[in-house]
Amino acid sequence: MLSYTFMQHAYLVGTLIAVVSGFVGVFTVARHMSFFAHTLSEIGFAGASFGLFMSWSPLFGMLAFTILAAMTIGQLGLQEKRSESLISAVSAVAIGLGIAFLALSQKNASAATGILFGSIFSISRQNVWEVLVLAVIVLLAMFLLYRPLRHYAFDYSTAVFSLKHVVWYEMIFLVIIATSVAVSAQVVGSLLIFILMTLPASAAMRWGRTVVQMVGLAILFAVLGVWSALALSYYTNVPVSFYIAIIEAGIYFLSLVRSK
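Summarised in this report is the structure supplied together with it. Note that this is a predicted model, so its numbers are computed, not measured.

Overview of the packing of aromatic side chains
- Considering all chains together, one arrives at 13 aromatic pairs under this definition.
- The interplanar angle of 65 degrees and the centroid separation of 5.0 Å between the aromatic rings of phenylalanine 50 and phenylalanine 101 together place this pair among those described as edge-to-face. One end of the pair, phenylalanine 50, is in helix α2 (residues 34-53); the other, phenylalanine 101, is in helix α4 (residues 83-105), with 51 residues separating them in the sequence.
- With a centroid separation of 5.7 Å and an interplanar angle of 70 degrees, the aromatic rings of tyrosine 152 and phenylalanine 173 are classed as edge-to-face. Of the two residues, tyrosine 152 sits in helix α7 (residues 146-154) while phenylalanine 173 sits in helix α9 (residues 166-188), which places them 21 residues apart along the sequence.
- Residue classification places tyrosine 152 among the buried positions, given a relative accessible area of 0%.
- An aromatic cluster is defined as three or more aromatic residues linked by ring pairs; in this entry it consists of Phe23, Phe27, Phe143, Tyr146 and Phe154.
- Positioned above the aromatic ring of tyrosine 152 is the side chain of arginine 31, whose terminal nitrogen or guanidinium carbon lies 5.3 Å from the ring centre.
- Of note, arginine 31 hangs over the ring of tyrosine 156, and the distance from its end group to the ring centre comes to 3.8 Å.

What follows is the structure in C-alpha coordinates.
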(Lines give C-alpha, C1' and ligand atoms only; values in the text may rest on other atoms or scores of the structure.)
Protein backbone atom coordinates (compact mmCIF):
# COMPACT_ATOMS: atom_id res chain seq x y z
CA MET A 1 0.00 0.00 0.00
CA LEU A 2 2.67 2.51 1.00
CA SER A 3 4.72 1.64 -2.07
CA TYR A 4 2.41 3.85 -4.12
CA THR A 5 3.30 7.54 -4.34
CA PHE A 6 -0.31 8.69 -3.99
CA MET A 7 -0.65 6.76 -0.72
CA GLN A 8 2.57 8.27 0.61
CA HIS A 9 1.23 11.73 -0.19
CA ALA A 10 -2.12 10.84 1.38
CA TYR A 11 -0.57 9.67 4.64
CA LEU A 12 1.80 12.64 4.86
CA VAL A 13 -0.89 15.23 4.19
CA GLY A 14 -3.40 13.37 6.33
CA THR A 15 -1.01 13.33 9.28
CA LEU A 16 -0.26 17.05 8.98
CA ILE A 17 -3.94 17.89 8.79
CA ALA A 18 -4.78 15.64 11.73
CA VAL A 19 -2.14 17.32 13.90
CA VAL A 20 -3.35 20.81 12.97
CA SER A 21 -7.03 19.89 13.43
CA GLY A 22 -6.43 18.24 16.79
CA PHE A 23 -4.37 21.12 18.15
CA VAL A 24 -6.56 23.98 16.94
CA GLY A 25 -9.75 21.99 17.53
CA VAL A 26 -9.24 21.88 21.31
CA PHE A 27 -9.11 25.67 21.48
CA THR A 28 -12.01 26.00 19.05
CA VAL A 29 -14.28 23.71 21.08
CA ALA A 30 -13.20 25.31 24.36
CA ARG A 31 -14.11 28.74 22.97
CA HIS A 32 -17.47 27.37 21.73
CA MET A 33 -16.67 28.18 18.10
CA SER A 34 -17.60 24.86 16.52
CA PHE A 35 -20.50 26.48 14.68
CA PHE A 36 -18.16 29.17 13.40
CA ALA A 37 -15.72 26.55 12.10
CA HIS A 38 -18.57 24.78 10.31
CA THR A 39 -19.61 28.08 8.71
CA LEU A 40 -16.06 28.69 7.53
CA SER A 41 -16.13 25.30 5.83
CA GLU A 42 -19.14 26.41 3.79
CA ILE A 43 -17.37 29.67 2.98
CA GLY A 44 -14.37 27.56 1.99
CA PHE A 45 -16.60 25.75 -0.51
CA ALA A 46 -17.25 29.08 -2.21
CA GLY A 47 -13.52 29.88 -2.13
CA ALA A 48 -12.50 26.55 -3.63
CA SER A 49 -15.13 26.95 -6.35
CA PHE A 50 -13.82 30.44 -7.06
CA GLY A 51 -10.31 29.00 -7.29
CA LEU A 52 -11.48 26.52 -9.92
CA PHE A 53 -13.25 29.33 -11.77
CA MET A 54 -10.03 31.39 -11.81
CA SER A 55 -7.89 28.32 -12.65
CA TRP A 56 -6.13 28.58 -9.29
CA SER A 57 -5.46 25.89 -6.76
CA PRO A 58 -8.71 25.27 -4.83
CA LEU A 59 -6.66 25.51 -1.62
CA PHE A 60 -5.63 29.10 -2.38
CA GLY A 61 -9.20 30.10 -3.16
CA MET A 62 -10.45 28.45 0.00
CA LEU A 63 -7.71 30.07 2.08
CA ALA A 64 -8.49 33.56 0.72
CA PHE A 65 -12.23 33.28 1.33
CA THR A 66 -12.01 31.76 4.82
CA ILE A 67 -9.47 34.30 6.10
CA LEU A 68 -11.42 37.22 4.63
CA ALA A 69 -14.65 35.90 6.15
CA ALA A 70 -13.02 35.31 9.54
CA MET A 71 -11.64 38.85 9.65
CA THR A 72 -14.96 40.35 8.52
CA ILE A 73 -17.10 38.42 10.97
CA GLY A 74 -14.62 39.19 13.75
CA GLN A 75 -14.77 42.92 13.03
CA LEU A 76 -18.57 42.88 12.91
CA GLY A 77 -18.62 41.39 16.38
CA LEU A 78 -18.50 37.65 16.91
CA GLN A 79 -19.69 38.05 20.50
CA GLU A 80 -22.69 40.23 19.75
CA LYS A 81 -26.22 38.87 19.98
CA ARG A 82 -26.66 39.15 16.22
CA SER A 83 -23.61 36.99 15.54
CA GLU A 84 -25.54 33.74 14.93
CA SER A 85 -27.85 35.42 12.43
CA LEU A 86 -24.89 37.12 10.80
CA ILE A 87 -22.95 33.86 10.45
CA SER A 88 -26.02 32.09 9.06
CA ALA A 89 -26.51 34.82 6.46
CA VAL A 90 -22.87 34.71 5.41
CA SER A 91 -23.07 30.92 5.18
CA ALA A 92 -26.13 31.09 2.91
CA VAL A 93 -24.43 33.57 0.59
CA ALA A 94 -21.27 31.42 0.50
CA ILE A 95 -23.16 28.31 -0.56
CA GLY A 96 -24.90 30.26 -3.31
CA LEU A 97 -21.61 31.69 -4.54
CA GLY A 98 -19.99 28.26 -4.50
CA ILE A 99 -22.72 26.79 -6.69
CA ALA A 100 -22.51 29.77 -9.05
CA PHE A 101 -18.72 29.59 -9.41
CA LEU A 102 -18.87 25.84 -10.08
CA ALA A 103 -21.45 26.42 -12.80
CA LEU A 104 -19.45 29.25 -14.37
CA SER A 105 -16.22 27.27 -14.28
CA GLN A 106 -17.93 24.45 -16.22
CA LYS A 107 -16.05 21.81 -14.26
CA ASN A 108 -17.31 18.24 -14.11
CA ALA A 109 -19.05 16.62 -11.16
CA SER A 110 -15.81 15.10 -9.83
CA ALA A 111 -14.41 18.58 -9.17
CA ALA A 112 -17.45 19.48 -7.06
CA THR A 113 -17.30 16.16 -5.25
CA GLY A 114 -13.62 16.70 -4.44
CA ILE A 115 -14.37 20.09 -2.89
CA LEU A 116 -17.35 18.90 -0.87
CA PHE A 117 -16.03 15.55 0.34
CA GLY A 118 -12.25 15.72 -0.10
CA SER A 119 -9.85 14.17 -2.61
CA ILE A 120 -6.99 12.87 -0.50
CA PHE A 121 -5.92 10.25 -3.05
CA SER A 122 -5.39 12.86 -5.76
CA ILE A 123 -2.94 14.97 -3.72
CA SER A 124 0.00 16.06 -5.87
CA ARG A 125 3.54 16.88 -4.77
CA GLN A 126 2.70 20.58 -5.07
CA ASN A 127 -0.35 20.08 -2.81
CA VAL A 128 1.89 18.35 -0.26
CA TRP A 129 4.18 21.37 -0.10
CA GLU A 130 1.24 23.77 0.13
CA VAL A 131 -0.27 21.87 3.06
CA LEU A 132 3.14 21.47 4.72
CA VAL A 133 3.86 25.22 4.63
CA LEU A 134 0.41 26.17 5.94
CA ALA A 135 0.50 23.50 8.65
CA VAL A 136 3.90 24.72 9.88
CA ILE A 137 2.63 28.32 9.96
CA VAL A 138 -0.44 27.35 12.00
CA LEU A 139 1.51 25.20 14.45
CA LEU A 140 4.18 27.88 14.94
CA ALA A 141 1.49 30.47 15.64
CA MET A 142 -0.18 28.16 18.16
CA PHE A 143 3.10 27.42 19.95
CA LEU A 144 4.21 31.06 20.06
CA LEU A 145 0.82 32.29 21.29
CA TYR A 146 -0.02 29.25 23.37
CA ARG A 147 -0.40 30.96 26.76
CA PRO A 148 -2.58 33.94 25.72
CA LEU A 149 -4.69 31.77 23.39
CA ARG A 150 -5.18 29.22 26.17
CA HIS A 151 -6.37 32.00 28.46
CA TYR A 152 -8.60 33.40 25.70
CA ALA A 153 -10.16 30.05 24.79
CA PHE A 154 -10.61 28.44 28.21
CA ASP A 155 -11.40 31.49 30.34
CA TYR A 156 -12.74 34.19 28.05
CA SER A 157 -14.76 35.96 30.75
CA THR A 158 -11.60 36.92 32.64
CA ALA A 159 -9.39 37.20 29.56
CA VAL A 160 -11.46 40.18 28.39
CA PHE A 161 -10.30 42.12 31.44
CA SER A 162 -6.89 40.63 32.23
CA LEU A 163 -5.46 39.89 28.78
CA LYS A 164 -3.95 42.85 26.97
CA HIS A 165 -4.89 43.29 23.31
CA VAL A 166 -7.56 40.61 23.60
CA VAL A 167 -9.18 41.84 20.36
CA TRP A 168 -5.96 41.20 18.46
CA TYR A 169 -5.69 37.71 19.91
CA GLU A 170 -9.27 37.05 18.89
CA MET A 171 -8.57 38.14 15.31
CA ILE A 172 -5.39 36.04 15.17
CA PHE A 173 -7.28 33.03 16.49
CA LEU A 174 -9.99 33.50 13.87
CA VAL A 175 -7.35 33.55 11.14
CA ILE A 176 -5.78 30.40 12.60
CA ILE A 177 -9.16 28.64 12.53
CA ALA A 178 -9.73 29.82 8.95
CA THR A 179 -6.35 28.52 7.83
CA SER A 180 -6.91 25.21 9.62
CA VAL A 181 -10.28 24.78 7.94
CA ALA A 182 -8.82 25.49 4.50
CA VAL A 183 -5.98 23.01 5.04
CA SER A 184 -8.09 20.29 6.65
CA ALA A 185 -10.69 20.36 3.89
CA GLN A 186 -8.12 18.66 1.66
CA VAL A 187 -8.91 15.39 3.49
CA VAL A 188 -12.58 15.43 4.50
CA GLY A 189 -13.91 18.15 2.21
CA SER A 190 -15.59 21.43 3.03
CA LEU A 191 -18.88 19.90 4.18
CA LEU A 192 -17.32 17.48 6.67
CA ILE A 193 -14.47 19.55 8.06
CA PHE A 194 -16.18 19.91 11.46
CA ILE A 195 -15.49 16.20 11.98
CA LEU A 196 -11.73 16.63 12.39
CA MET A 197 -12.03 20.06 13.96
CA THR A 198 -14.51 19.13 16.69
CA LEU A 199 -14.96 15.40 17.38
CA PRO A 200 -11.35 14.50 18.34
CA ALA A 201 -11.12 17.65 20.46
CA SER A 202 -14.50 17.04 22.12
CA ALA A 203 -13.51 13.47 22.99
CA ALA A 204 -10.09 14.56 24.25
CA MET A 205 -11.63 17.17 26.55
CA ARG A 206 -13.53 14.40 28.31
CA TRP A 207 -10.39 12.32 28.85
CA GLY A 208 -7.68 14.91 29.51
CA ARG A 209 -7.25 16.79 32.76
CA THR A 210 -4.92 19.51 31.50
CA VAL A 211 -4.82 21.48 28.27
CA VAL A 212 -1.62 19.73 27.22
CA GLN A 213 -3.25 16.34 27.75
CA MET A 214 -6.31 17.45 25.79
CA VAL A 215 -4.20 18.63 22.86
CA GLY A 216 -2.14 15.44 22.87
CA LEU A 217 -5.21 13.20 22.97
CA ALA A 218 -7.01 15.22 20.29
CA ILE A 219 -4.02 14.88 17.96
CA LEU A 220 -3.83 11.15 18.76
CA PHE A 221 -7.53 10.62 18.03
CA ALA A 222 -7.35 12.64 14.80
CA VAL A 223 -4.22 10.84 13.54
CA LEU A 224 -5.68 7.45 14.46
CA GLY A 225 -8.87 8.26 12.57
CA VAL A 226 -7.11 9.51 9.45
CA TRP A 227 -4.59 6.65 9.29
CA SER A 228 -7.26 3.99 9.81
CA ALA A 229 -9.61 5.64 7.32
CA LEU A 230 -6.92 5.80 4.62
CA ALA A 231 -6.13 2.11 4.99
CA LEU A 232 -9.78 1.08 5.02
CA SER A 233 -10.57 3.29 2.05
CA TYR A 234 -7.67 1.82 0.07
CA TYR A 235 -8.82 -1.76 0.60
CA THR A 236 -12.58 -1.22 0.31
CA ASN A 237 -12.80 1.62 -2.25
CA VAL A 238 -15.16 3.53 0.04
CA PRO A 239 -14.55 7.31 0.47
CA VAL A 240 -12.12 8.32 3.20
CA SER A 241 -14.60 10.82 4.62
CA PHE A 242 -17.02 8.04 5.52
CA TYR A 243 -14.48 6.14 7.59
CA ILE A 244 -13.15 9.29 9.27
CA ALA A 245 -16.70 10.23 10.27
CA ILE A 246 -17.47 6.75 11.65
CA ILE A 247 -14.17 6.37 13.52
CA GLU A 248 -14.14 9.84 15.08
CA ALA A 249 -17.81 9.58 16.03
CA GLY A 250 -17.09 6.19 17.61
CA ILE A 251 -14.25 7.63 19.67
CA TYR A 252 -16.49 10.49 20.79
CA PHE A 253 -19.31 8.17 21.82
CA LEU A 254 -16.84 6.05 23.78
CA SER A 255 -15.74 9.18 25.61
CA LEU A 256 -19.36 9.91 26.49
CA VAL A 257 -19.79 6.41 27.89
CA ARG A 258 -16.58 6.76 29.89
CA SER A 259 -17.62 10.10 31.35
CA LYS A 260 -20.90 8.60 32.57
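Considering the environment of leucine 12
- Take leucine 12: it is sitting in helix α1 (residues 5-30).
- Measuring from C-alpha to C-alpha, the distance between leucine 12 and valine 128 comes to 7.7 Å, with 116 residues separating the pair along the chain.

Notes on a nonpolar patch on the surface
- A cluster of nonpolar residues, Phe53, Met54, Trp56, Phe60 and Leu104, forms a patch on the protein surface that exposes about 490 Å² of accessible area.
- Structurally, tryptophan 56 can be placed in the loop between α2 and α3 (58-77).
- Of the residues examined, tryptophan 56 reaches a relative accessible area of 41% and is grouped as partly exposed.

Focus: the environment of methionine 54
- With respect to the secondary-structure elements, methionine 54 resides in the loop between α2 and α3.
- Along the sequence, methionine 54 and serine 105 sit 51 residues apart, while their C-alpha atoms lie 7.8 Å from each other.

As for the packing of α1 against helix α6 (residues 125-144)
- Orientation of α1 relative to α6, taken along the N-to-C sense of each, is 25 degrees, at an axis distance of 10 Å. On the basis of their axis angle, the class for α1 and α6 is roughly parallel. Like other packed secondary-structure pairs, α1 and α6 cross with a definite hand, here left-handed. Residues His9, Leu12, Val13, Leu16, Ile17, Val19, Val20, Phe23, Val24 and Phe27 of α1 lie in contact with α6, whose contacting residues are Arg125, Val128, Val131, Leu132, Ala135, Val138, Leu139, Met142 and Phe143.
- Among the residues forming the contact of α1 with α6, the class breakdown is 17 nonpolar, one polar and one charged.

Considering α6
- The terminal C-alpha atoms of α6 lie 29 Å apart, and with 20 residues this matches the ideal 28 Å at 1.5 Å per residue to within 8%.
- The complete set of buried residues in α6 reads Asn127, Val128, Glu130, Val131, Leu134, Ala135, Val138, Leu139 and Met142. For α6, the buried positions fall inside an angular range of 160 degrees around the axis, keeping them on one side. Residues of α6 that are exposed and angled more than 90 degrees away from the buried face: Arg125, Gln126, Trp129, Phe143 and Leu144.

What about helix α11 (residues 211-236)?
- In a regular helix each residue adds 1.5 Å, so 26 residues correspond to 38 Å; α11 covers 37 Å between its end C-alpha atoms and thus fits that length.
- Within α11, the full set of buried residues consists of Val211, Met214, Val215, Ala218, Phe221, Ala222, Val223, Gly225, Val226, Ala229, Leu230 and Ser233.
- After α11 finishes, the residue asparagine 237 shows a positive phi value of roughly 65 degrees.

About the criteria used
- Residues numbered from 1 in each chain as written.
- Predicted model: local features only at pLDDT ≥ 70, side-chain atom pairs only at ≥ 80, totals over all residues.
- Heavy atoms only, no water.
- Phe/Tyr/Trp six-rings, centres within 6.5 Å; stacked < 30°, edge-to-face > 60°.
- Helix = DSSP H or I, 4+ residues; strand = E, 2+ residues; numbered from the N terminus.
- Buried < 20%, exposed > 50% of the residue type's maximum accessible area, 1.4 Å probe, protein only.
- Lys NZ or Arg CZ within 6 Å of the ring centre and 35° of its normal.
- Patch = residues over 30% accessible without salt bridge, like charges linked within 9 Å, V, L, I, M, F, W, Y side chains within 5 Å.
- Areas by Shrake-Rupley, 256 points an atom, 1.4 Å probe, with all protein chains shown as cover.
- Salt bridge = Lys/Arg side-chain N within 4 Å of Asp/Glu carboxyl O.
- Axes fitted to C-alpha atoms, helices over the stretch in contact; angles between N-to-C directions.
- Parallel < 35°, antiparallel > 145°, perpendicular 65-115°, else oblique.
- Left-handed = near helix turned anticlockwise from the far one by under 90°.
- Contact = heavy atoms within 4.5 Å.
- Nonpolar A, V, L, I, M, F, W, Y, C, P; charged D, E, K, R; others polar.
- Expected span 1.5 Å × (residues − 1).
- Arc of directions from axis to C-beta.

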